[in-house]
Amino acid sequence: MKRVYLDNAATTPLDKAVIAEMTNVMENFYGNPSAIHSLGREVRTLVEKARKTVSSLLNASPSEIFFTSGGTEADNTAIRCGISAYGIKHAITSKIEHHAVEHTLAMLLKDGVIDKLSFVNIDEKGNIDYNHLEELLQNNDRTFVSLMHANNELGTLTDMEKVGDICEKYNAIYHADTVQTMGHYPHDVRKLKAHFIVCAAHKLHGPKGVGFLYVNSNIKIPPMIYGGAQERNMRGGTENVYGIVGLSKALEIAYAEMDEHQTYIQGLKDYLKEQLIAEIPGIGFNGETEAAKSLYTVLNVSFPEMDMADMLLFNLDINGICASGGSACSSGSNIGSHVLNGIKADPNRPSVRFSFSKFTTKEDLDYVLEKVKMVVKQNALA
């Protein structure tokens, strides 16, 4: 049976060049980067070389890059430590953020660290209401704003420069969850005005368990993890050297091939969308799908009502198709996707997120279309 992987928004396969780079380090560089002897210094050089590579790609200073275990830790550090460092009592986010943001802010509110948590309005496609954001920032003490660059389920993009300008106007601290877009779009931190942006290497053909947090040099925060002087006293614990080297290599490749991959993957997304419209009556899409407004690696498909709707992903899986999805909440017993609930999607229509990478082929999509048509036909309402 053919197997097609269309869950790249969840994680991506490792690039062979990344594997080769990491293997070399695993086999030949085993010293602790904190050690002062020659083997330790060799490994320290690898870590700092990776930091320099990452910072140069983002137009940042190496001192603004801190390696983490991934995007969740990076988000938590930015939010918890940013709010703590400046005694912030009001935070603004949206109801379709990743749980690494949503749950962290909710816990800070519950614990009394912040007094107020506001949610900026969004439309039915997940677009931020920038006027409402500005209203929320008025007549408040310094505020913490956390809004993602691209929604991980919908693909809808937020204008980071516009959010940055608004935050600057009101002296707010701006954290952008860039996990889904790092390596897919250029991020020039000197233009973005974001105080924090984040990365998870496994979203861009790098290894799992490693990422980074960019902290603007104008912001000073305490560590979240104590235990050592690693990462310039900002994150205790021996560095994941193999992962850091793999992250650096993956990001370097992503930037070098970015335009080529965007054109190629956008073409695949457009093709699948057009074919679904042509072949399945009543098909729809969640979030923005226009190229300028949507992350080109994600297409969230809203299928017509059908029998056994909750088995749609399972039926795709048994046909060799790896994707993800969910539904909006139709009752208290069904939690559903908080993102689809947030945009008030129809709870009777099952949704599937197909997400693509540079390794996806048109032949893969033709196979998916064949199987999707079959499953929809088998489960069509009488």
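None of these values were measured; they are calculated from a predicted model.

What counts as what
- Residues numbered from 1 in each chain as written.
- Predicted model: local features only at pLDDT ≥ 70, side-chain atom pairs only at ≥ 80, totals over all residues.
- Heavy atoms only, no water.
- Helix = DSSP H or I, 4+ residues; strand = E, 2+ residues; numbered from the N terminus.
- Rg over C-alpha atoms; globule rule 2.2 N^0.38 Å.
- Buried < 20%, exposed > 50% of the residue type's maximum accessible area, 1.4 Å probe, protein only.
- Domains from an automatic or database assignment.
- Contact = heavy atoms within 4.5 Å.
- Buried area = accessible area lost by both parts, 1.4 Å probe.
- Salt bridge = Lys/Arg side-chain N within 4 Å of Asp/Glu carboxyl O.
- Polar contact = N/O pair within 3.5 Å; in protein donor to acceptor, adjacent residues only side chain to side chain.
- Right-handed = clockwise from strand over helix to strand, strands pointing away.
- Axes fitted to C-alpha atoms, helices over the stretch in contact; angles between N-to-C directions.
- Parallel < 35°, antiparallel > 145°, perpendicular 65-115°, else oblique.
- Left-handed = near helix turned anticlockwise from the far one by under 90°.

Colleague: How should I be thinking about the overall build of the protein in this particular structure?
Modeller: Looking only at helices and strands, one finds 13 helices and 13 strands in the protein. Scaling as 2.2 N^0.38, a compact globule of 382 residues should have a C-alpha radius of gyration of about 21 Å, and the protein matches this with 22 Å. Dimensions of the protein, computed from the C-alpha atoms along their principal axes, are close to 70 × 55 × 35 Å. Considering the protein as a whole, with its 382 residues, one finds that 55% of them fall into the buried category.

Colleague: How should I be thinking about the domain arrangement of the protein in this particular structure?
Modeller: Accessible area lost on assembly of the parts is the figure often given for the size of an interface. Split into domains, the protein comes out as domain 1 (4-12 + 257-378) and domain 2 (16-253). Each side of the interface is counted separately: domain 1 has 28 residues, and domain 2 has 32 residues. Approximately 2500 Å² of surface area, both sides summed, lies buried where domain 1 meets domain 2, with 51% of it carried by carbon and sulfur atoms. For the domain 1 face of the interface with domain 2, the top three residues by lost area are Thr12, Leu295 and His338, together amounting to 24%. Linking domain 1 to domain 2 there are zero salt bridges. Joining domain 1 to domain 2, the criterion identifies 18 residue pairs in polar contact (both at pLDDT 80 or more). At the level of elements, helix 10 (258-279), strand 10 (298-302) and helix 12 (338-342) are the ones that each hand at least two residues to the side of domain 1 that touches domain 2. For the side of domain 1 that touches domain 2, the element with the most residues is helix 12, which contributes four residues.

Colleague: Which parts of the structure should I look at to understand the pairing of strand 3 (residues 90-93)?
Modeller: Consecutive side chains along a regular strand alternate between the two faces of the sheet. Along strand 3, one buried face is formed by His90 and Ile92 and the opposite face, lined by Ala91 and Thr93, is buried too. Crossover connection from strand 3 via helix 4 (residues 99-110) to parallel strand 4 (residues 116-119): handedness right-handed.

Colleague: I would appreciate a short explanation of the packing of helix 10 against helix 13 (residues 362-378) in the present structure.
Modeller: Two quantities define a packed helix pair, namely the angle between the axes and the distance from one axis to the other. The N-to-C vectors of helix 10 and helix 13 enclose an angle of 25°; their axes lie 11 Å apart at closest approach. Taken together, the axes of helix 10 and helix 13 lie roughly parallel to each other. In this structure, helix 10 crosses over helix 13, and the sense of that crossing is right-handed. Where helix 10 approaches helix 13, its residues Leu268, Tyr271, Leu272, Gln275, Leu276 and Glu279 are matched on the opposing element by Lys362, Leu365, Asp366, Leu369, Val372 and Lys373.

Colleague: Explanation requested: unusual backbone geometry in the structure shown.
Modeller: Non-glycine residue Glu231 carries a positive phi angle of around 50°. Residue position: Glu231 is located in helix 8 (residues 230-233).

Colleague: Can you walk me through the pattern of salt bridges in this structure?
Modeller: It is possible for side chains of opposite charge to pair when their charged atoms get near one another. Applying the stated rule across the entire model yields 16 salt bridges. Among the ionic pairs, Glu239 bridges to Arg44, the shortest N-O distance being 2.9 Å. In this pair, Glu239 sits in the loop between helix 8 and helix 9 (241-256) while Arg44 sits in helix 2 (residues 38-58), placing the two residues 195 residues apart along the sequence. Across the pair Lys193 and Asp165 runs a salt bridge, and its minimum N-O distance is 2.6 Å. You can see Lys193 sitting in the loop between helix 7 (189-192) and strand 7 (196-200) and its partner Asp165 sitting in helix 6 (residues 160-169), a full 28 residues away along the chain. Judged by its relative accessible area of 34%, Lys193 falls in the partly exposed class. Under the relative-accessibility criterion, Asp165 is labelled partly exposed at 38%. Residues joined by salt bridges that share partners form a network here, namely Arg44, Glu48, Arg51, Glu231 and Glu239.

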